[in-house]
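# Tertiary structure, described
What follows is the residue order along each chain.
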Amino acid sequence: MTRLSPVLGPLTSRQRWRRVRLQAYSWFLTGAYRMGAMHPAVWRFVARTYHPALDRVAARHARVACQFAAVDVPAYRHFLRANGAGNARRLADFPETTKQNYAGAYDEESRCQEGRLHRAGVIVDESSGSSGKPYNWVRGPRELKGIYRNAAGYIELVFPGDRLFVINAYSMGAWATGTTTGTAMARVAMVKNTGPDLEKIADTLEHFGPGYDYVVAAYPPFLKHLRDRLDEAGFPWRDYRIRGMVGGEGMTEALRDYLEERFEEVRSGYGASDLTIGMGAESGFSVWLRKRLASDQGLRDRLLGPGEQRLPMIFHYNPLETFLEVNADGELLCTINTKSCLQPKLRYNVGDEARLHTLAEVKAALGAGAYERAWTDERLNLPLLFLFGRKDSTISYMGANLYPQDVEYGLYQGNPYAAAINRFCLSLEELPGLEYRPVINLEVRGDVDREELAAVCRKGVVAHLSAVSRDFAESLKEDPTAADLRVKIYDLGAGPFAGLTKMKNVYLVKDA
């Protein structure tokens, strides 16, 4: 599909005056935020002294960001008019943007401030679309500096140490997490960008020895691979101080507990290539709260809603920089408030299901006594994001999204047993070693060699994902265990297919 490429065009005198006023106000607030993040120590102070009254300032700035983009960003101006919102004033009047209706509908240049993309210092990151189509996300130098400052401030707060040494084990290349993490951590630590290479990391630890405060940044499954690899080699864990910083996908508390038998602590961050890196981050308190939710149905009812059984990740976030909302469908909307954002992100719906709570609301749900006993050294006073994950039918695995349509191609293309497949769905399975693997559940008919069918399907899906998903291909190249997709065979109407109607397939099941 050809993407639209509108231009800004001439502005009326009234629009020019409005643009000047909005720009001045936005730069004033952005400058204030930047001062609050200019040094990790100042960042820590702001995070610890954040007052709920600032939520109103953040909401106003989010509205101003939308109003300013309406006269300054060609694509957004066109988008608002096309949706009958050209005269929107309240934040709720501005329509949601998504990958489909905005990022995929307009080209990169028209989505930039003033419709101008090319400038020195711009970094282009990449992620895969639902059909393997690469999406490009651009970030300007001022925007990146803010991301680096925030990430560095968080690392120094959560992982204090006099001799910080960050081993960056995220995938390298045109992927935001890996390159951004390395550059950000270099502000406060010594950094080695190993990528997800077990042997290289083991060699690094052995070469530099136990005299450093190590932090390994990686996807959660890879951190487990590292623990197991070092255990097999008889690594002297007691001599070292090693902590883990993970992201890219969710992590169970069972896996965290397993990792923390060796790592001093493991914390997770939340971000999205569509939006920004480091939108939210865990603290000791948020981890404690998540564990409490797992065993306290009453608390879960009060914070998540009656009868809610899912256990979300819990992150602190700063509304002054990333203003978050939850729509009527329970989906997260994000507005990047800072004027430094080259491609403004405005009420953007990435497809994650979530809940939002202030610390005061959490305190009331817990009771003051429990709240005070759970407080940790980080003392972050920021509100909390309760994140359930993508609401669509994707499975996030090793930093890549697995989509049903890509799995379907792999199942049917060149498969001599394709006729025996009635339908399929995807699920995640927790293995005995506390790892998760994607499972392709097949409903089959007729007499067929099931082991052979499973082998052919696994091979076909891995081959197709490698061809169409650059994220998956990179993960496979750097960590061959990513190819370990599970295939389970079921009779008609059995297993996860029991009780499903024939009118519409269900492609993602929670428990197979």
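Position numbers for residues start from 1 in each chain and track the written sequence from start to end. Confidence filtering applies because this is a predicted model: local features only for residues at pLDDT of at least 70, side-chain atom pairs given and counted only at 80 or more, and all residues used for totals across whole chains, interfaces and linings. The basis for the side-chain values is all heavy atoms of the structure; hydrogens and waters are excluded.

### Let's talk about empty space enclosed by the protein
Under the convention used in this document: Computed over the protein atoms alone on a 1 Å grid, cavities are sets of points where a 1.4 Å probe fits but cannot get out and pockets are open sets with protein on both sides within 12 Å along at least five of seven lines; a residue lines them when it has an atom within 4 Å of a point. Grid points are joined across faces, edges and corners, and a volume is the space filled by probe spheres set on the points. Secondary structure follows DSSP: runs of H or I at least 4 residues long count as helices, runs of E at least 2 residues long count as strands, and numbering of each begins at the N terminus.
Following the criterion strictly, the structure yields 4 cavities of 30 Å³ or more and no others. Estimates place the volume of the largest cavity at around 90 Å³. If you trace the largest cavity, you find it lined by Ser26, Ala65, Phe68, Ala69, Gln113, Ile336, Asn337, Thr338, Lys339, Cys341, Pro344 and Leu346. Considering each element in turn, the lining of the largest cavity owes the most residues, 3 residues, to helix 3 (residues 54–72). Space inside the second largest cavity adds up to approximately 70 Å³. As for the second largest cavity, its lining consists of Thr97, Tyr102, Ala103, Arg111, Trp137, Asp274, Gln343, Pro344, Lys345, Leu346 and Tyr348.

### A short note on the sheet that holds strand 18 (residues 486–490)
Let me state the cut-off plainly: When DSSP finds at least two bridges between two strands, those strands are taken to pair. All axes are obtained by fitting lines to C-alpha atoms, using only the stretch in contact for helices, and the reported angles, taken between N-to-C directions, cover 0 to 180 degrees.
With respect to topology, 3 strands assemble into an open sheet ordered 16-17-18, the strand pairing being mixed. Here the strands that pair on one side only, and so sit at the sheet edges, are strand 16 (421–430) and strand 18. Taking the axes of each pair of neighbouring strands and ignoring which way they run, one obtains an average angle of 25° across the sheet. Sheet topology places strand 17 (residues 436–444) next to strand 18; 5 bridges connect them, and they run parallel. Bridge pairing links glutamate 443 to tyrosine 490 in strand 18.

### Examining the pattern of salt bridges
The criterion, for reference: By salt bridge we mean one thing: a side-chain nitrogen of Lys or Arg within 4 Å of a carboxyl oxygen of Asp or Glu. For every residue, the accessible area obtained with a 1.4 Å probe (protein chains only) is divided by the maximum for its type, and the residue is called buried under 20%, exposed over 50%, and partly exposed between those limits.
Counted under the stated rule, the structure contains 24 salt bridges. The partner of arginine 256 in a salt bridge is glutamate 282, with the nearest N and O atoms 2.8 Å apart. In this pair, arginine 256 is assigned in helix 10 (residues 253–259) and glutamate 282 in the loop between strand 8 (280–281) and helix 11 (284–295), connecting sequence segments 26 residues apart. Exposure class is identical for arginine 256 and glutamate 282. Each is buried. Of the charged contacts, one joins glutamate 429 and lysine 488 as a salt bridge, the two residues approaching to 2.7 Å between their closest N and O atoms. Of the two residues, glutamate 429 sits in strand 16 while lysine 488 sits in strand 18, which places them 59 residues apart along the sequence. Judged by its relative accessible area of 21%, glutamate 429 is partly exposed.

### What about helix 8 (residues 198–208)?
Quick reminder of the rule: By arc we mean the arc of the directions from the helix axis to the C-beta atoms, nothing more. Two residues form a contact once any of their heavy atoms are found within 4.5 Å. Here a polar contact is recorded for every N or O atom pair within 3.5 Å, except that within protein the pair must consist of a potential hydrogen donor and a potential acceptor, and residues adjacent in sequence are included only if both atoms are side-chain atoms.
Buried within helix 8 are the following residues: Ile201, Ala202, Thr204 and Leu205. For helix 8, the buried positions fall inside an angular range of 160° around the axis, keeping them on one side. Seen from the open side of helix 8, the exposed residues pointing more than 90 degrees away from its buried face are Glu206 and His207. Those residues of helix 8 that are buried lie in contact with strand 3 (164–168), strand 4 (190–193), strand 5 (213–218), helix 9 (220–232) and strand 6 (241–246). The opening residue of helix 8 is aspartate 197, an N-cap whose side-chain oxygen sits 3.2 Å from the backbone nitrogen of glutamate 199.

### As for the side chain of glutamate 443
Of note, glutamate 443 is situated in strand 17. At a separation of 2.7 Å, a polar atom in the side chain of glutamate 443 contacts the main-chain amide nitrogen of glycine 493.

### Observations regarding the layout of surface pockets
Our working rule: In the scheme used here, Gly and all other residues not listed as nonpolar or charged are polar, with Ala, Val, Leu, Ile, Met, Phe, Trp, Tyr, Cys and Pro taken as nonpolar and Asp, Glu, Lys and Arg as charged.
Taken as a whole, the second largest pocket spans an internal volume of roughly 340 Å³. Ranked by residue count, the leading element in the lining of the second largest pocket is helix 1 (residues 13–36), at 4 residues. In terms of residue class, the lining of the second largest pocket is built from 5 nonpolar, 4 polar and 6 charged.

### Thoughts on the pairing of strand 17
Judged by how many residues are buried, strand 17 sits mostly within the fold: 8 of 9 residues are covered. With 9 bridges connecting them, strand 16 and strand 17 associate as antiparallel partners. Paired with cysteine 425 across the two strands is asparagine 441, which belongs to strand 17.

### Observations concerning the packing of aromatic side chains
Here a ring pair, both rings aromatic, is described through the centre-centre distance and the interplanar angle of the planes. Going by this rule: Centres within 6.5 Å make a pair out of two Phe, Tyr or Trp rings, where for Trp the six-membered ring is used; the pair is then stacked when the planes are under 30 degrees apart, edge-to-face when over 60, and tilted otherwise.
Considering all chains together, one arrives at 18 aromatic pairs under this definition. Judged by centre distance (5.7 Å) and plane angle (25°), the ring pair of tyrosine 270 and phenylalanine 315 falls under stacked. Of this pair, tyrosine 270 sits in strand 7 (residues 266–270) while phenylalanine 315 sits in strand 9 (residues 313–317); the two residues are 45 residues apart in sequence, bridging distant segments of the chain. For the pair tyrosine 270 and phenylalanine 315, one class covers both residues: buried. One aromatic cluster in this structure is built from Phe165, Phe208, Tyr212, Tyr214, Phe235, Trp237, Tyr240 and Phe263.

### What to know about the sheet that holds strand 13 (residues 384–390)
Judged by pairing direction, the sheet is mixed, and its 11 strands sit side by side in the order 4-3-5-6-7-8-9-13-12-11-10 without closing on themselves. In this open sheet, the two edge strands, each paired with only one partner strand, are strand 4 and strand 10 (322–326). The strands touched by helix 8 within the sheet are strand 3, strand 4, strand 5 and strand 6, with strand 3 carrying the most contacts at an inclination of about 160°. In this fold helix 9 packs onto strand 5, strand 6 and strand 7, with an angle of close to 130° to the strand it touches most, strand 5.

### Notes on the confidence of the model for the chain
Put simply, the rule is: pLDDT is a residue-level measure of predictor confidence that goes from 0 to 100.
The share of residues in the chain with pLDDT of 70 or more is 90%, and the mean pLDDT across the chain is 85. The least confident element of the chain is helix 1, whose mean pLDDT is 70; the most confident is helix 8, at 97.

### A closer look at unusual backbone geometry
With a phi angle near 60°, glutamate 114 is a residue other than glycine that sits in the positive phi range. Mapped onto the fold, glutamate 114 is located in the loop between helix 5 (99–103) and strand 1 (123–128). Look at glutamate 114 and you get partly exposed, because its relative accessible area is 42%. Phi is positive for arginine 347, which is not a glycine, with a value near 45°. Here arginine 347 is to be found in the loop between strand 11 (331–336) and strand 12 (348–357). Accessibility expressed as a relative area gives 9% for arginine 347, which makes it buried.

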